[in-house]
Amino acid sequence: MAHCGDKLLLVAALLLFGVSGAAAEDGQVNTIQDIFRHLRICWRPPPPSKARPLDITVVVSFNRSGDILGHPRISYESAEATDNDRLQYRIAVMEALQRCTPMPFTEAMAGAAAGRPFAIQFRSRKTSPDKTSPQTQERRA
């Protein structure tokens, strides 16, 4: 039997590795991959003039109608982020969630997703290491 933490890791891994799937023909969210794809479209990181790039993960659940259930929770932020960086990225994440909800679930996905936590990674840093920046260290939020 899978634990909640195992499911969160699976969901995070799917996003991290960019697993893709075909969205429902009518634009509805029909798979877990579709949830991440839908949220990526809404993601607008703060401009570099407002905050340094960082990674942030939010845990969020949805109800059957696709609205956010409860309060999203930040579970990870890059360790080197300043208080201003964190604030700007938290605002950007909440704006992305507002733009993307209610999530247009198909009937089957609404039943499968309702009440389940999804760990959503919002990444704005380069994928290749930058020799001028320090190594990233994880920091629990």
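All values derive from a computational prediction rather than experimental measurement.

## With respect to the nonpolar core
Core analysis: the largest hydrophobic core is formed by 28 residues, its most contacted members being Ile35, Phe105, Ile120 and Phe122. Looking at this core, the elements that each hand over two or more residues are α2 (32-42), β1 (55-62), α3 (83-100), α4 (107-113) and β3 (118-123). The greatest single-element share of this core, amounting to six residues, is contributed by α3.

## Remarks on unusual backbone geometry
Residue Pro102 is reached from Thr101 by a cis peptide bond, and omega for that bond is 5 degrees. Mapped onto the secondary structure, Pro102 falls in the loop between α3 and α4.

## Regarding the state of the cysteines
As enumerated under the stated definition, the model contains one disulfide in all. In this model, Cys42 is linked to Cys100 through a disulfide, with the two sulfur atoms separated by 1.8 Å. An S-S torsion of about 105 degrees defines the bridge between Cys42 and Cys100 as right-handed. Of the two residues, Cys42 is situated in helix α2 and Cys100 in helix α3; the sequence distance between them amounts to 58 residues.

## Concerning α3
A rise of 1.5 Å per residue sets the reference length of α3, with its 18 residues, at 26 Å; its end C-alpha atoms lie 26 Å apart and thus fit the reference within 8%. For α3, the set of buried residues is Asp85, Arg86, Gln88, Tyr89, Ala92, Val93, Ala96, Leu97 and Cys100.

## A short note on the environment of Phe62
In this structure, Phe62 sits in strand β1. Linking Phe62 and Thr101, residues 39 residues apart in sequence, is a C-alpha distance of 9.1 Å.

The rules behind the values
Residues numbered from 1 in each chain as written. Predicted model: local features only at pLDDT ≥ 70, side-chain atom pairs only at ≥ 80, totals over all residues. Heavy atoms only, no water. Core = buried A, V, L, I, M, F, W, Y, C linked by side-chain atoms within 4.5 Å. Buried < 20%, exposed > 50% of the residue type's maximum accessible area, 1.4 Å probe, protein only. Helix = DSSP H or I, 4+ residues; strand = E, 2+ residues; numbered from the N terminus. Disulfide = S-S within 2.5 Å. Expected span 1.5 Å × (residues − 1).

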